[in-house]
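# Examination of the molecular architecture
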Amino acid sequence: MQTPIYDVLIIGAGPIGMACGIEATKKGLSYLILEKGYLVNSIYHYPKNMTFFSTSLRIEIGDVPFVSHGPKPTRSEALEYYRRVADTWNLDIHTYESVEDLTAEDGLYRVSSTRGSYLAHSVIIATGFYDHANLLSVPGEELPKVRHYYEEAHPFIGKKIVVVGAANSAIDVAMETWRAGAEVTLVVRKPEISHRVKYWIKPDIENRIKEGSITAYFNSQLTAIRETEVDIETPEGPLTLKNDFVLAMTGYHPDFSWLRNMGLEIHEDETMMPYANEKTFETNLPRVYIAGTVCGGMKTSTWFIENSIEHAQVVMEDIVKQRAKA
């Protein structure tokens, strides 16, 4: 059977990958979206009770209205919304299909996955960054008590937990587990809570720290983890605490090894950003683009759903221009 040739193959079925599929539809281009996990895989793995920082209006795609019950949408509302978007636009998405190889072939690109092989004139990589946690790199991090992802507070009721981090994920976890009955210690590498923490949460955590309900060590870092305790280096010196769980909410990063295997060049500096044209998002590989949060590399606070939705239109317009020249 002859392999079909798509105008564009999109890797990643998050909101930006879906937006790329919608733009391809609008422009009459044939496309296929491949996703290694679920539809909007990263959002599915967010904490069950998470509330977005953005309003529902700002993360709408495809002219499909997103109406939430509160001023900020929840994870469950977002999952339902993006399912509705996929259905409304009849998006061609293959879930549970990981891309393993990308090679140039007779002026096209062959994309090989765990389930098949596809040819396309252009490729868009919209894989995000949520699948790979930033590690603490301390002894004991491999213990089962250490978690880099958080679902809900129930497992930690009555337990002594250390939460590492000072941004939204860490503060959400600290507050939710404390309210559920955990004894929470917050370990922060910097001198204060991040200014990026949700404005309705920041005063709450600061008040809990001030009153002593949550213990916080600033300018400090975890140095070792053992079955029943942890070591913390503080400005006043080393400290050992009894401990049941460590929730390391230290952020995430794109799969740089996979990107390199696809042939993308990465800036070898602290940003680790993939090389891309600032105007078109075309990478070092002709007609291979990046879109969405993967564009930021380690600078994961640069791009979000709401400010990278426009990538889809920018990239698709360049693809149309390049197809017209061919």
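Residues numbered from 1 in each chain as written. Predicted model: local features only at pLDDT ≥ 70, side-chain atom pairs only at ≥ 80, totals over all residues. Heavy atoms only, no water.

Looking now at the nonpolar core. Ranked by size, the top nonpolar core spans 64 residues in total, and within it Met-18, Ile-61, Tyr-82, Ile-124 and Ile-125 carry the most contacts. Counting 28 residues, the second largest nonpolar core, distinct from the first, contains Ala-166, Ala-170, Val-173 and Phe-245. (Core = buried A, V, L, I, M, F, W, Y, C linked by side-chain atoms within 4.5 Å. Buried < 20%, exposed > 50% of the residue type's maximum accessible area, 1.4 Å probe, protein only.)

It is worth spelling out unusual backbone geometry at this point. Phi at Tyr-96 is positive, roughly 55°, even though this residue is not glycine. Along the chain, the position of Tyr-96 falls in the loop between strand E3 (93-94) and strand E4 (99-105). Positive phi outside glycine occurs at Asp-106, with the angle close to 55°. If you trace the backbone, Asp-106 turns up in the loop between E4 and strand E5 (108-113). (Helix = DSSP H or I, 4+ residues; strand = E, 2+ residues; numbered from the N terminus.)

Once that is clear, we can look at the pairing of strand E6 (residues 117-125). Of all nine residues that make up E6, seven are buried, and the element is covered over most of its length. Hairpin connection from E5 to E6: three residues lie between these consecutive antiparallel strands. Sheet topology places E6 next to strand E17 (residues 288-290); three bridges connect them, and they run parallel. Its bridge partner lying in E17, Val-123 is registered against Val-288. (Pairing = 2+ DSSP bridges.)

Moving on: the environment of Leu-143. Relative to the helices and strands, Leu-143 resides in the loop between strand E7 (132-133) and strand E8 (146-147). Owing to a relative accessible area of 16%, Leu-143 belongs among the buried residues under this scheme. Those residues in contact with Leu-143 that lie beyond four places of it in its chain are Ile-225, Arg-226 and Glu-227. (Contact = heavy atoms within 4.5 Å.)

What the three strands build is an open sheet, ordered E12-E13-E14; its pairing is antiparallel. Sheet topology places strand E12 (221-225) and strand E14 (237-242) at the edges, where each strand pairs with a single neighbour. With direction set aside, neighbouring strand axes in the sheet form an average angle of 25°. When strand E13 (residues 229-234) meets E14, the two strands line up antiparallel, connected through six bridges. Bridge assignment links Asp-231 to a residue of E14, and that residue is Thr-240. (Axes fitted to C-alpha atoms, helices over the stretch in contact; angles between N-to-C directions.)

Time to look at the side chain of His-311. Position of His-311 relative to the elements: it lies in helix H8 (residues 310-325). A polar side-chain atom of His-311 sits 2.9 Å from the main-chain amide nitrogen of Gly-292. If sequence neighbours within four positions are ignored, His-311 has contacts with Phe-281, Ala-291, Gly-292, Cys-295 and Trp-303. (Polar contact = N/O pair within 3.5 Å; in protein donor to acceptor, adjacent residues only side chain to side chain.)

Another aspect to go through is the pattern of salt bridges. Tallied over the entire structure, the rule returns 16 salt bridges. Across the salt bridge formed by Lys-26 and Glu-23, the nearest N and O atoms sit 3.6 Å from each other. Taken together, the residues span about one helical turn, with Lys-26 and Glu-23 both in helix H1 (residues 15-26) at a distance of three residues. Given the relative accessible area of 44%, Lys-26 is considered partly exposed. Here Glu-23 falls in the buried class, since its relative accessible area comes to 12%. If you follow the salt bridges from partner to partner, you end up with Arg-179, Asp-204, Arg-208 and Glu-211 in one network. (Salt bridge = Lys/Arg side-chain N within 4 Å of Asp/Glu carboxyl O.)

Glancing now at the packing of H1 against H8. As a packed pair, H1 and H8 sit with axes 8 Å apart at the nearest point and diverge in direction by 45°. The angle between the axes of H1 and H8 places the two elements in the oblique class. By crossing handedness, the relation of H1 to H8 is classed as right-handed. Two secondary-structure elements touch here, H1 through Ile-16, Ala-19, Cys-20, Glu-23 and Ala-24 and H8 through Ala-312, Gln-313 and Met-316. Each residue belonging to the contact of H1 with H8 can be placed in one class, and the counts come to six nonpolar, one polar and one charged. (Parallel < 35°, antiparallel > 145°, perpendicular 65-115°, else oblique. Left-handed = near helix turned anticlockwise from the far one by under 90°. Nonpolar A, V, L, I, M, F, W, Y, C, P; charged D, E, K, R; others polar.)

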